Every structure is written in structure tokens, then in C-alpha cells.
Amino acid sequence: MNVVSVVNLFAGYGPYQALMDLSFSIEEGESVAIVGSNGAGKSTVARVLSGLVPISSGMATVLGCDVRVTPTHELVRKGLIHLPEGVGLFTNLSISENIELRCRNLPRIERRQRVEEAMEIIGSLSHRRTTLARDLSGGQQRLVAISSAIVARPAVLLCDEPVIGLSPVAIEGVYEVLRQAQSHGVTLLLVESRADRVQGLCSRTIVLERGQLAFDGPSNTAQGFVANRWLKDPPRSN
Amino acid sequence: MNEFLSFAIGGLPFACSYALVAVGIVLTFRATGVFNFGFGAMAYGAGVTYVELCSHGVPSWLSLLIVTVVLAPVFGALLDWGLFRRIRTADLTSKVVTSLGLMVFLPSMVQIVIGSTTVYSAPAPFLSTYFTTLFGISISGPVIATLVTTIVVLMVMTLGLRSRRVGLTLRASVQSPRLVELHGVDSGKVLRNAWMVSSSLAALAGCLYAPQFATQNPSAYNVLLTGAVAAAALGAISSFTLAVAGGVLLGVLQGVIPGYLSPNSVWYGALVPSIPFFMLLIMLLTHRGFRSLDRSKDPMSVVEPPTAPPGLARRSEILGFSGRIVNWLAVVGLVIVAIIFVPEVWVGTLTIAASMAIIFLSVTLLTGLAGQLSLAQMVFAGMGAYGTARLSTHHHWSLGMSLIAGTMIASLGGLVASLPALRLRGLPLALLTLCFALLADNLIFPATFVGSGSSSIGVRRPDIFGVDFSGPFSRNYLVMVVAFLAMTTFGVRLLIHGTTGRMLTAAHSSEIAAASSGVPMRRTITIIFMLSAAVAGLGGGLYAIALGSLSTPDFNSALGPVLLVVVITMGAASVRGALIAGVAFVALPQALALAPSRFGGGGQSSAITIVVLSVGAFTYAQHPEGIVTFIQGRLKVAGLRVRNLRGDSR
Amino acid sequence: MTVLLEVRGVRKRFGSQVVVDSVDLEVSAGEAVGLIGSNGAGKSTLFSIIAGTISADDGSIFLEGRKLPNRADERARRGIARTFQIVQLFGGLSVLDHLLVALQAHNGEAGVFRDLRGNGATTVPEMTLCMETLELCGIAKLAHAQTTMLSLGQRRTVELARALVARPKLLLTDEPSSGLDESESLRLAHILNSVRRSTGVAVVIVEHDLATVAAVAERVVALDAGRVIANGTFDEVIANVDVRRSWLGEASA
């Protein structure tokens, strides 16, 4: 069954069209990476799917809901979690409050259990649960964000560049947690700027170029595709 | 002890009102990021409505219910829907300006709808005739009722906020409405509920407050607002408990202190109304929480920056060079024609308009150019005015010398005000300048060495270099004021279009990057503050000379927010806004006074003027360039379209 | 080579956590130093301390043998320029205006008094210098563009040009490749190198991307938990056991 499907999608900010005629679909339990250089529109895909960026034409459904008519918070209640680029934590709340916010509608006892579970996934921070999120390092913040998303039991997890600005060891930590999410049966959609990083995590890769689909297939083929592209037509930065 | 207790109990009704409004302020600030200066005005509206209902024979308890349970929540929801929902992701400055607009707009609107002052002494909502004696102290029914109502309402609120669901969601949504949506929260609903509840609280405060006065006028509710602001400040606008404690403390102090002072002492008139301001001042300067208010940024704003910072739209020039020449020639021509041919009766009005325009320009300088929100510009104007008046009348200085001295006194005031501005920005600065203004109102201007108590002081209008400036309709004096206005305008334009404007725009959008590029922020801000205060002082001095006599209400602190809002409405980014604001501010009431009363003439004219001139504060977040520039832009677009159409038809 | 920047025993703690712990660092004139370390190792804090946006608890910093003043703007005028991890541009200003702000502020030639004398317009030498810098960074075509319309790579280049326009002695650049793809980061590294060659500015670069560090830095300093754990050429530092454990995440041998 398709949990995410995008058909002839056009979307953008004001007069600027970030996505042009994009179509793809993702099945339940799949792990897909969306790769592309800056301005290729990969973050826009994530934002469209969670209803943050309006659709100008075409169609997108997530978990059977039409994104055009469903407000963001409804999509989230249906089981979509979108971790935006960078942080995605409330820096004025503590670690455990951030986790509780994700599962605030559960009864108290179960909520406690979920917090414990999340702290276990994070591992190193279990004695600092009352620390404000703003006092954590960037890598730790992202670990908290992802693990609190996991314990909320989403059907679809949209991760927008979760490892941006992290050191190699922190990147490995984040990917380890994402692997745990996969083992829970989550459909994972990972936005990344580098094709080589996603190999071990996602079996399928979608490459975007200037808002259009350039490649959709197995990740190992994708890396070769991207490398070839740059040899032939190096993207200019101005 | 009994004496103390009975004084303290006398202050309780005030304490309750302060606490209720303070809780409303904290609630909306935490949930929506808006510091609502308009709650005083909303309490005023509620109080007047309550009194009106009572005077029409509605039982007082029913009036209270109608106002607080029906009208206020509806009004709160309307505010959210029509105003604050639209500026959710705007910066703190836009939010402050919008709520200041509400503060200025509402009382005038209420006066237009209901009448200027309601003279009817309303009964307390409950137990109005009950009386009891407790431990030898007599307590009236209304006091008990007020106390019980407040305690019950606050208890219910605390319980609600204690719950994980409501409390956590609230704290999260203040940081980022967008991120909270991604957590599955309908953030729109959270905001609406916050507005409805806090409006209700303000209305309740208003209804409990109204029976304390025989007549209802907005200034009494300004006192309520400042008390509540000071109470909320006790917990750096983030703790409900401290806000309530602050309210109670203030109310009791205001009940107790006058009890031990002789009504004739100097302190009685000055000290008592100043208590909230001292509390606010101390909290603002010492509490670290205020320094981080502006910095608790939306984590999503890094990802998806909010629509371009309102800053200054000045660098997008709308008119071409030739267009500007034509523009300026037209202005100069009009001024010359006005000076020579204007009828005698209007000379005085124009003189005042021109000096007001100078005062308005000081706001352009400080807010438009430097992005600093000051509510104390009227105080600087007052310093200039009193300095000029005092020196020329009592010390027999020459008019020119006393004008210069007045301007310098004002700029020294600016220097003092700039000291905290080096640390505080945005909202805390606005609060601090508000408190400075109120302090001046209560302590400086009424003092006998400045003005002459409550009576007015005369201002000489002698001649300079043999040219006669005396007489209320002196065209010579008009020419002089217009010359000063032209000079100031020119100077402000040089700053806006020069290196200062560029530097300050940069600092406005990223202070850390500006500092790392070598921009000397401290020096620049101090200089701009002093210059702006000097310009205000000059305007005030000229204004005083034009009036011929000065009394305290001429420079009432309540006019400070009006100044700011009017200039922002017209456009703070260019000098045009201030010029038009100055003329409109003086000419509109005059014109309205001539109009038939049915069309707003007569007594309501100044209220209508303020309503008309403050509307633009509500569109500030979307159109920070102001009405004048907005209309010009639209005209230009329309003109281009017409030209294109013509081109096509050929 | 003469010593340009000298950091002596700098310490900084936030609450109970020591973020920068007695760090010594020397940078010679014209040298390019890479600063690596895991997240929270204290790199960015050390940067902010050198730039003057955070004050250190202890220790001292010298530029050309003279102690640095406290405030960031004074240090900028002494010749320290920086770029930010999260790009900090001036909304509402064109690219050229960005450079003018930095240039005039650095020379102490901006301000109320210049404007009131009627000299607010940009002078020819100022304009020439700005255009030269834009040319150097390869974005001369963007001089009149509004920054909101630019891509991240371009925005980072604008930030770099703004930092360089006043010809600083030392450039601090914080994760210039973060958020850029491989080709864009290489391009930025290339710009950095050519700028260094032509202006002789010393560069300290904080970076996670090994390729960028290798391309820019002549010497690499590794930080862990606020302390310097290695200092040497790129290959030496990368081969260091401690570095491999703390940064690359390899189990210690």
C-alpha cells in the first residue's frame, strides 16, 4: 500500500516554483532518501508533504489524506512526523518535556514509559532529562528529536537533513537511531545533500535536480548517477 | 496593626484588578508572543459597557456576566481572527506596535461610540450593600466579592495550566507556532483560546475596577495598565504566580502608603502614583529574564526565515530622480503659498502643525532609522518646552538662547534614556521608556522648579534681531518654525540615505553580524538617541512658544504611544510620514470641528482623529513602510499599468 | 614567520560545564589553520571568544603582540573578520551594501557626523574596493542583487566577501561547507584559497568536512572536550589515535 504518493506536483514560495512536475510514491515500510544539491527542492518536498508549503498544482497524499485540504496538525495526528532541517526541538523545554509533548495525549503512566523508552534510545543523556534542550549540543538535540519522534510511533518519519553540521561520530549516532526507527517498521523518508551517506540506511534514492526528478532507483546505482552528473555538468554556485 | 490592615484592605480591589490584568498579559505573551498594551483599553471598554448596562437598569451581576462571559471572549476571538493571527510569525517589534495601536485606538473608539465620559457611579457587581466586621476591621461587601471572584478565577486558571496538555502546549507554541503544528497541535486554536481567556480577564478587571470611580475616563485605566505591567514584570512576564503576587503587592502598597502620608505632603501626589513605575524600573534593570526576551527565537526561523524583516523598506526607492524633484518643488511651493496666503485664523494652527511635525520627525529618527521603540518622545518634547518656557520667562534669557538650552536639556534626557537602550531592545525598551514617561508625568513636570504645579506657565514671544514674533497669528513666527522644520527634515534625510541608514539597517537585521563587521553600535545608538531627543526638544520648544502658555496636560505621557503609532501609521521609514502626520494631527481635529456634529464634528473630533490616524498600526506587520509609501507604491504600479495599456493600444 | 594571533590559556564555562579548557593557539601571518573536533568540543565557542562576541572567563588573546580590546566591533576594526555557521546577512540590503557597511565601519568612516556634513554618498575608492572584493570572490555580477533571492552557496560567498572587504589580517570562518553539496564546498574552498593568495589574510577554519579541511588548511588543530588534543599537518592529525577516536568515531586500538 502507498503511504505517500505524489502526482504531477508543482509547488513553491510565491512566484518561485521550487518543484516542477514531480511524481513518486512510497510503500509502507520502505526507506527512501531524497538527494539533491542546494535549491534542488528536496526540503520543499518534505515541507509540502507536511502541509507547510502550499501546492500550486498536482496532488499529494500522505496516509490516505489529501495534503491540500488537511491541516498540518491533522496529518501529524494521522501518524506523520516531520523533523525539520536543523533542530526540531523546543529549546525552552527540557529533554523529557520535549518527549512528553510528542505523546501528550496518552495517559500519565504510558507517557512515563515512553519517556523512559526514548531516554534509553538516546543512551548517554539519561541523567540529564531535566536539562533544557538549548543547553545540549547540536548532535544531542537531534538525537533527542529523533528518539522522541520514534516513541510517538509514527507511520511515516520525514527527516530533513538530520546530520547537517555534525561531526562524523555524531552522524553515526544519528544514523544508528534512525536504524532503530526502521526496526520499528516506520516508513522513513530521509532528505540528504550527499548521496554517499545514505547507502547503508536507505535502499532507494530519489535524486532531484532543479525541482525535477532526475533519478529514482536503488541507492547504490544512485551514487554512481550523481557522481557522473557532476563530471558532465558541474553545478555552478553562482 | 488594625490601621495597617484596614489600609491594606482598601487597596485590595486595586490589587485584584492588577493581578487579573497581569495574568492576562502573561498569558497572551506566553501563548502568542504579543505583549498586549491594549488590555488597559480593553478593561476601560468593559468598565464603560458595564456602567452603561447598569445605568440602563440591568442588574449588576447580570451586566458583569454579559461583559465578561459573552462580550469579552467574542472580542478576544475577533482580535485574534482579525489582527493577531495575521502577525503570528512577525517579529517582536511588529507585535508591540500592533498592540500599541490597540492601546491608542480603543479608548477613542469607546468614546466615539458611548460618549466622552460616563458620569454614573455604578454599583459593585455583587454584595453592593453588604457590610461586615472582621477582627474589628470593617469590610465592605464589594471588597469581599472582588476578592472571592479573583481568587476563584485565578485558581481555575492555575489548575488548567498545571495540566501537562495545556501547559506544555502553551509553552511550546510561544516559541514556535509552526513547530508546534508539526507536533500535532492546532496552534490556531491555542492562540484563539489564549485571547478569549485573557480578554475575559481584562474585562473582569475592568468591571471590578469601574465602581471605584465616579466617572469613567481612559487615564484611570492607564494606571490599571501600568500597575498590571509592573506586576507582570515581577516575573519577567513569564510567571503567573509572580504576576499575581506583584499585583497584590502593588495594590496593598498603594492602599497603605497614602494612609501614612499627610495629603498635603509633596510625596502624596508624586510618590503614590509612581510606585508601579519604580517597581517596573527596578525589574527591567535587574531581572535577567528581560534581556533574553527578544532572543528566544523560533527554531524554525532558521529553516524558513519569516518574511523579510520589517526593518526599513527605505532602500527601495519608489520615485525616480525627476519625480523626486517635482515632489519637492511641489512641497516647497505649497509651503510658500500657505505661509503667504493662509487666512489669519489658520496661521496659529499651521505653526503648531509645523512644530508637531518636528516632534514627529524625532520618532522617524529613533524608530524608523534606528529601530528603537521609544514611548518617551513626548517627555523629550516636554523637556524642550519647559526648558524654553522657564528660561525665557523666569530667567529672562533671550528666546534664541532658551530654545537652544531647551534643546540641549532634551538631548541630555536622551543621553540618560540611551543608557538602558544599550542593553535592552524592542519590548523591554518600550516598557522602560513608557515607565520613564510616566515618571516624568508624575515627578518631573508637576514639580515647581520645572512647571508651576498644576497651573500653567506663560511663554514670552519676544523679538529676535528686530523681527517681531509676538502675537498668536504671527506669520514671521510661522516662517521661523517652517525653516526649522525644513532644516530638521533635511538632516534626517541625510541620515536615512547616508552611511548611518545603511549601518543601522544592517544592525537591525543581524546585530551580531554588524558588530563582527565593526559597526560601533553603542556609539551610534547613543548619538541617535541624543539627536532624536534634541529634535523632539526643539519641536517642543517651538510648540510651547506657539501656544504662548504651558500646562501639564500639553505633554501628557499618554501622548507618547499616540506619537509612535501615528508616525508608524504614516510611515516611519521616510520623512514624508512624519510631515503628513504632523499636519494631519493638528489640521484634522480643526477640520472636524467645523464639520456638522453628525459627521463627527464638535466634541468627538480629537477622538476621531486618533482613531483615523492609528488604524495603520494594525497593518504595520504587513506594510512596515506605512500608509503614505504604500499608497505611493500602489499609484506607481497603477501608473505603470496605464502606461503599458496605452503602449499596447498603439 | 611572525605570529599574528596568540591565544593563551583561554577558559570558558557555561554553568558547570567547561566548554573551552586552557586552550593555547598560535596563528602566523598568512597561515591557514583548520580547527576540527566533534560537536560540543568547543570550536564555535573558541571562535566567538576570539571574535569578541563571548567573553572568556580566563586567559588572554593577542593580535600582533597587542592585547585585543573587549568588544566585537573594536576587534573587527583591529582586523579580525568572521563568517557564521548559520549565515548572517543583512535583510533589506543589496550585496554591495553589505560590503559598504563592513568597509565604512571598519575604517571608522561611517556615522552620523559624516552624513550630517553631507558626505553620506559612497566615495569612488570605497566603491572600487568593494567591486574588487566581489570580483575576487567571483560574485561581481550579484553586486546589486537582494540577498533573499540568493542560493545558500551564494549567500555564504557574500558573507565571505563582507568579511574580506576591509582586508582583515585574520579571517575566522565557521563551517563554510555546512549545508552545501560536494561541488559547492569545493568551490568555496577554492575561493578561500585564491583570496588567501592574493590578500595574504590568515584563515582559521572550523569544519567537519574532511575534503574542505584538506583543501584549505596548512595546519590542523584538533579539539576535544575543550582541550587541544593534536596539532600538526592534516595527515598527522588525522592519523592521531585520539583524534580518530573522538572525531571519526573509531574504537581505540
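1. Focus on the overall build of chain C
Right, on to step 1. When its secondary structure is counted, chain C shows 10 helices and 10 strands.
Right, on to step 2. Taking all 253 residues of chain C together, 57% fall into the buried category.
Right, on to step 3. Long-range contacts, defined as pairs at least 24 residues apart, comprise 67% of the intrachain contacts of chain C with a sequence gap of at least 6.
Right, on to step 4. Surface accessibility of chain C: about 9900 Å² in total, with carbon and sulfur atoms responsible for 51%.

2. Considerations on the packing of helix α3 (residues 95-102) of chain A against helix α5 (residues 138-151) of chain A
Residues and elements named next belong to chain A.
Right, on to step 1. Here α3 crosses α5 at 35 degrees, and the two axes come no closer than 8 Å. By crossing handedness, the relation of α3 to α5 is classed as right-handed. For the pair α3 and α5, contact is made by Ile95, Asn98, Ile99 and Arg102 and by Val144, Ser148, Ala149 and Val151, respectively.
Right, on to step 2. By residue class, the composition of the contact of α3 with α5 is 5 nonpolar, 2 polar and 1 charged.

3. A word on the interface of chain C and chain B
Right, on to step 1. Of the residues lining the interface, 35 residues belong to chain C; the matching set on chain B comes to 30 residues.
Right, on to step 2. Connecting chain C to chain B are 1 salt bridge.
Right, on to step 3. B:Arg502 is paired through a salt bridge with C:Asp97; the nearest N and O atoms lie 2.9 Å apart.
Right, on to step 4. Applying the counting rule to chain C against chain B returns 11 residue pairs in polar contact (both at pLDDT 80 or more).
Right, on to step 5. Put simply, the parts of the chain that give the side of chain C that touches chain B at least two residues each are α2 (72-78), β6 (80-82), α3 (95-106) and α4 (112-116) of chain C.
Right, on to step 6. Among the elements that take part in the side of chain C that touches chain B, α3(C) stands out by supplying 7 residues, more than any other.
Right, on to step 7. Partitioning the side of chain C that touches chain B into residue classes produces 16 nonpolar, 10 polar and 9 charged.

4. Some words on the nonpolar core
Right, on to step 1. Among the nonpolar cores identified, the biggest contains 196 residues, and B:Ile25, B:Phe37 and B:Ile237 are the most heavily contacted of them.
Right, on to step 2. Among the nonpolar cores identified, the runner-up in size contains 45 residues, and A:Ile95, A:Ile150, A:Val177 and A:Phe225 belong to it.

5. Thoughts on the sheet that holds strand β8 (residues 187-192) of chain A
Where strands meet in a sheet, backbone hydrogen bonds hold them as pairs that are either parallel or antiparallel.
Residue and element names in this part refer to chain A.
Right, on to step 1. A sheet is described by the order of its strands in space; here 6 strands give the open sequence β6-β7-β8-β3-β9-β10, paired in mixed fashion. Pairing within the sheet leaves two strands with one partner each, and these edge strands are β6 (80-83) and β10 (212-218). Each strand of the sheet is rotated relative to its neighbour by a mean of 15 degrees, with strand direction disregarded.
Right, on to step 2. Here helix α1 (residues 42-49) sits on the sheet in contact with β3 (31-35), β6, β7 (156-160), β8 and β9 (204-209), set at roughly 145 degrees to β8.

6. Some thoughts on the packing of helix α2 (residues 39-55) of chain B against helix α8 (residues 187-209) of chain B
Residues and elements named next belong to chain B.
Right, on to step 1. At a minimum axis separation of 7 Å, α2 and α8 run at an interaxial angle of 55 degrees. Between α2 and α8, the angle falls in the class oblique. The hand of the α2/α8 crossing is right-handed. Residues Phe39, Met42, Ala43, Ala46, Gly47 and Tyr50 of α2 lie in contact with α8, whose contacting residues are Trp195, Ser198, Ser199, Ala202, Ala203, Gly206 and Cys207.
Right, on to step 2. Considering only residue class, the contact of α2 with α8 consists of 9 nonpolar, 4 polar and no charged.

7. As for the interface of chain A and chain C
Right, on to step 1. In this assembly, 18 residues from chain A lie in contact with 26 residues from chain C.
Right, on to step 2. Of the roughly 1800 Å² buried between chain A and chain C, counting both surfaces, carbon and sulfur atoms make up 48%.
Right, on to step 3. Inspection of the chain A/chain C interface yields 0 salt bridges.
Right, on to step 4. Among the elements that line the side of chain A that touches chain C, the one with the most residues is helix α6 (residues 168-183) of chain A, at 3 residues.
Right, on to step 5. Of the residues belonging to the side of chain A that touches chain C, the class tally is 7 nonpolar, 9 polar and 2 charged.

8. Section: helix α6 (residues 164-175) of chain B
Each full turn of the α-helix corresponds to 3.6 residues, which orients residues three or four apart in the same direction.
Right, on to step 1. Helix length check: α6(B) (12 residues) gives 17 Å between terminal C-alpha atoms against 16 Å at 1.5 Å per residue, within 8%.
Right, on to step 2. B:Gly167, B:Leu168, B:Thr169, B:Leu170, B:Ala172, B:Ser173 and B:Gln175 are the residues of α6(B) that are buried.
Right, on to step 3. Tucked into the core, α6(B) has its buried residues touching α3 of chain A together with α1 (2-32), α5 (141-162), α7 (177-181) and α8 of chain B.

9. Some words on the side chain of B:Thr98
Residue and element names in this part refer to chain B.
Right, on to step 1. Along the polypeptide, Thr98 turns up in helix α4 (residues 92-114).
Right, on to step 2. Under the relative-accessibility criterion, Thr98 is labelled buried at 1%.
Right, on to step 3. When neighbours within four sequence positions are excluded, Thr98 is seen to be in contact with Leu83, Phe84, Ile87, Ala617 and Phe618.

10. Remarks on the sheet that holds strand β2 (residues 17-28) of chain C
All names here are of chain C.
Right, on to step 1. Strand order in this open sheet of 4 strands is β2-β1-β4-β5, and the pairing throughout is antiparallel. Only two strands of the sheet have a single partner each, and these edge strands are β2 and β5 (66-67).
Right, on to step 2. Two strands pair when backbone bridges link them, and strand β1 (residues 3-14) and strand β4 (residues 58-63) are joined in this way by 5 bridges, in the antiparallel orientation. From the neighbouring strand, Arg8 faces β4, where its bridge partner is Ser60.
Right, on to step 3. Contacts from helix α1 (residues 43-51) reach β1, β2 and β4, with the element oriented near 120 degrees to β1.

11. A word on the packing of aromatic side chains
Right, on to step 1. For the structure shown, the criterion picks out 10 aromatic pairs over all chains.
Right, on to step 2. When the centroid spacing of 6.4 Å and the interplanar angle of 50 degrees are considered together, the rings of B:Phe39 and B:Trp195 count as tilted. Remark: B:Trp195 occurs in helix α8 and B:Phe39 occurs in helix α2; sequence separation between them is 156 residues.
Right, on to step 3. For B:Phe39, a relative accessible area of 1% puts it in the buried group.
Right, on to step 4. Taken together, the ring pairs in this structure connect B:Phe14, B:Tyr44, B:Tyr209 and B:Tyr221 into an aromatic cluster.
Right, on to step 5. When the ring centre of C:Phe90 is taken as origin, the NZ or CZ atom of C:Arg162, which lies over that ring, is 4.7 Å away.

12. Looking at the pairing of β9(A)
All names here are of chain A.
Right, on to step 1. The buried fraction of β9 is high, at 5 of 6 residues.
Right, on to step 2. In this structure, β9 lies alongside β10, joined through 6 bridges in antiparallel fashion. Looking across to β10, one finds that Arg204 is bridged to Pro218.
Right, on to step 3. Hairpin connection of β9 to β10: 2 residues between the antiparallel strands, including Arg210 at a positive phi of 45 degrees.

13. Considering the confidence of the model for chain A
Where the model shows low pLDDT, its predicted coordinates should not be examined in detail.
Residues and elements named next belong to chain A.
Right, on to step 1. Averaged over every residue, the pLDDT of chain A is 83; residues scoring 70 or more account for 93%.
Right, on to step 2. Averaged pLDDT values for the elements of chain A fall to 73 in helix α7 (residues 219-232) and rise to 91 in β3.
Right, on to step 3. A low-confidence stretch, residues 234-238 stays under pLDDT 50, and its non-local contacts, those more than four residues away or across chains, total 11 contacts.

14. Focus: the side chain of C:Glu126
All names here are of chain C.
Right, on to step 1. By secondary structure assignment, the location of Glu126 is in helix α5 (residues 124-136).
Right, on to step 2. Judged by its relative accessible area of 6%, Glu126 is buried.
Right, on to step 3. A polar contact of 3.0 Å, which involves the side chain of Glu126, links it to the side chain of Gln104.
Right, on to step 4. In terms of polar contacts, Glu126 uses its side chain to reach the backbone amide nitrogen of Thr123, at 3.1 Å.

15. Some remarks on unusual backbone geometry
Residue and element names in this part refer to chain C.
Right, on to step 1. The phi angle at Arg167 is positive, at roughly 50 degrees, despite the residue not being glycine.
Right, on to step 2. Summarising the element assignment, Arg167 is placed in the loop between α6 (152-164) and β7 (170-174).
Right, on to step 3. A positive phi angle is found at Glu175, which is not glycine, with a value near 45 degrees.
Right, on to step 4. Within the fold, Glu175 resides in the loop between β7 and α7 (182-199).
Right, on to step 5. For Glu175, a relative accessible area of 3% gives the class buried.

16. Some details on α8(B)
Right, on to step 1. With 23 residues, α8(B) extends 33 Å from end C-alpha to end C-alpha; this agrees with the ideal 33 Å at 1.5 Å per step.
Right, on to step 2. Along α8(B), 17 of the 23 residues are buried, which leaves the element largely enclosed by surrounding structure.

Thresholds applied
- Within each chain, residues carry numbers counting from 1 in the order of the written sequence.
- For naming, the first written chain is A and the first written ligand is 1, with later ones following in the order written.
- With the structure being a predicted model, the display of local features is reserved for residues of pLDDT at least 70 and the display and counting of side-chain atom pairs for 80 or more, all residues being used for whole-chain, interface and lining totals.
- The basis for the side-chain values is all heavy atoms of the structure; hydrogens and waters are excluded.
- Secondary structure elements follow DSSP: runs of H or I of four or more residues count as helices, runs of E of two or more count as strands, with numbering from the N terminus.
- Only protein chains enter the calculation, and the probe is 1.4 Å; a residue is then buried if its accessible area is under 20% of its type maximum, exposed if over 50%, and partly exposed in between.
- Residue contacts follow a heavy-atom distance rule, with two residues in contact if any of their heavy atoms lie within 4.5 Å.
- A 1.4 Å probe and the Shrake-Rupley method give the accessible areas. Residues count as covered only by the protein chains that appear here.
- Lines fitted to the C-alpha atoms define the axes, with helices restricted to the stretch that makes contact. Angles between their N-to-C directions range from 0 to 180 degrees.
- What makes a crossing left-handed is the near helix being turned counterclockwise from the far one by less than a right angle; a clockwise turn instead makes it right-handed.
- Under the scheme applied, nonpolar residues are Ala, Val, Leu, Ile, Met, Phe, Trp, Tyr, Cys and Pro; charged residues are Asp, Glu, Lys and Arg; polar residues are all the others, including Gly.
- The rule for a salt bridge is simple: a side-chain nitrogen of Lys or Arg has to be within 4 Å of a carboxyl oxygen of Asp or Glu.
- Definition of a polar contact: a pair of N or O atoms within 3.5 Å, with one able to donate and the other able to accept a hydrogen when the atoms are protein atoms, and with sequence-neighbouring residues admitted only if both atoms are side-chain atoms.
- Put simply, a nonpolar core is a bunch of buried Ala, Val, Leu, Ile, Met, Phe, Trp, Tyr and Cys residues held in one set by side-chain atoms that sit within 4.5 Å of each other.
- Whether two strands pair comes down to DSSP finding at least two bridges between them.
- Each angle is binned into one of four classes, with values under 35 degrees roughly parallel, values over 145 roughly antiparallel, values of 65 to 115 roughly perpendicular, and all other values oblique.
- What gets called buried area is simply the loss in accessible area from a 1.4 Å probe that two parts show on being joined, summed for both.
- Take the number of residues in a helix, subtract one, and multiply by 1.5 Å to get its expected span.
- Between rings of Phe, Tyr and Trp, where Trp is taken as its six-membered ring, a pair exists when centres lie within 6.5 Å; planes separated by under 30 degrees are stacked, by over 60 edge-to-face, and by other angles tilted.
- Charge-over-ring placement is defined geometrically: NZ (Lys) or CZ (Arg) within 6 Å of the ring centre, and within 35 degrees of the ring normal.
- On a scale of 0 to 100, pLDDT captures the predictor's confidence in every residue.

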